[in-house]
Amino acid sequence: MTSTNPPGLIRDDAVAKLSCDCLDLLLPTLPPEQAIVVRAIDMDGASPQSVVERLGLSLDAVTRNLALGRQGLTD
């Protein structure tokens, strides 16, 4: 059986679901613009460029909101 995952990375759908459930609970603690960008990129798999186009933000704003949002989730 071959895997398309990088070596050392185990894809477990149950763990992925649990992670998403936890993020769903934590995202409302972020400012809305950060939560929207984190959800779109980290949970929905959108590219930063597609978020730029969808939200009408600059790439710098998307990148900044993503970084701040991720930091806010780890603090």
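This structure is a prediction, so every number in the text was calculated from the model and none was measured. (Residues numbered from 1 in each chain as written. Predicted model: local features only at pLDDT ≥ 70, side-chain atom pairs only at ≥ 80, totals over all residues. Heavy atoms only, no water.)

**With respect to the packing of helix 2 (residues 32-43) against helix 3 (residues 48-55)**
So, step 1. Where helix 2 contacts helix 3, the two axes come as close as 10 Å, and the packing angle between them is 135°. Taken together, the axis directions place helix 2 and helix 3 in an arrangement best described as oblique. For the crossing formed where helix 2 meets helix 3, the hand is right-handed. Residues Ile36, Val37, Ala40 and Ile41 of helix 2 form the contact with helix 3, whose participating residues are Pro48, Val51, Arg54 and Leu55.
So, step 2. A per-class count over the contact of helix 2 with helix 3 returns seven nonpolar, no polar and one charged. (Axes fitted to C-alpha atoms, helices over the stretch in contact; angles between N-to-C directions. Helix = DSSP H or I, 4+ residues; strand = E, 2+ residues; numbered from the N terminus. Parallel < 35°, antiparallel > 145°, perpendicular 65-115°, else oblique. Left-handed = near helix turned anticlockwise from the far one by under 90°. Contact = heavy atoms within 4.5 Å. Nonpolar A, V, L, I, M, F, W, Y, C, P; charged D, E, K, R; others polar.)

**Details of the side chain of Gln34**
So, step 1. Structurally, the position occupied by Gln34 is in helix 2.
So, step 2. According to the relative accessible area criterion, Gln34 is buried, its value standing at 11%. (Buried < 20%, exposed > 50% of the residue type's maximum accessible area, 1.4 Å probe, protein only.)

**Notes on helix 4 (residues 59-74)**
So, step 1. With 16 residues, helix 4 extends 23 Å between its outermost C-alpha atoms, agreeing within 8% with the 22 Å of an ideal straight helix rising 1.5 Å per residue.
So, step 2. Listed as buried for helix 4 are Ala61, Val62, Asn65, Leu66 and Gly69. Around the axis of helix 4, the buried residues are gathered within 130° of arc, so they sit on the same side. Residues Asp60 and Thr74 are exposed on helix 4 and point more than 90 degrees away from its buried face.
So, step 3. Looking at the packing, one finds that the buried side of helix 4 touches helix 2 and helix 3. (Expected span 1.5 Å × (residues − 1). Arc of directions from axis to C-beta.)

**A look at the environment of Cys20**
So, step 1. Along the chain, Cys20 falls in helix 1 (residues 13-26).
So, step 2. For the pair Cys20 and Met43, spaced 23 residues apart in sequence, the C-alpha separation works out to 6.9 Å.

**What to know about the pattern of salt bridges**
Between side chains of opposite charge, a pair can form as their charged atoms come close.
So, step 1. Tallying each qualifying case throughout the model produces two salt bridges.
So, step 2. Salt-bridge contacts for Asp24 lead to Arg39; the nearest nitrogen and oxygen are separated by 3.0 Å. Note that Asp24 is positioned in helix 1 and Arg39 in helix 2, a separation of 15 residues in sequence.
So, step 3. A salt bridge links Arg70 to Asp42; the nearest nitrogen and oxygen atoms lie 2.6 Å apart. A residue pair is termed long-range when its members are at least 10 positions apart, and Arg70 in helix 4 and Asp42 in helix 2 qualify at 28 residues. (Salt bridge = Lys/Arg side-chain N within 4 Å of Asp/Glu carboxyl O.)

**Structural notes on the confidence of the model for the protein chain**
So, step 1. When pLDDT is averaged along the protein chain, the result is 85, and 80% of the positions lie at 70 or above.
So, step 2. Ranking the helices and strands of the protein chain by mean pLDDT puts helix 3 first, with 97, and helix 1 last, with 76. (pLDDT = per-residue confidence, 0-100.)

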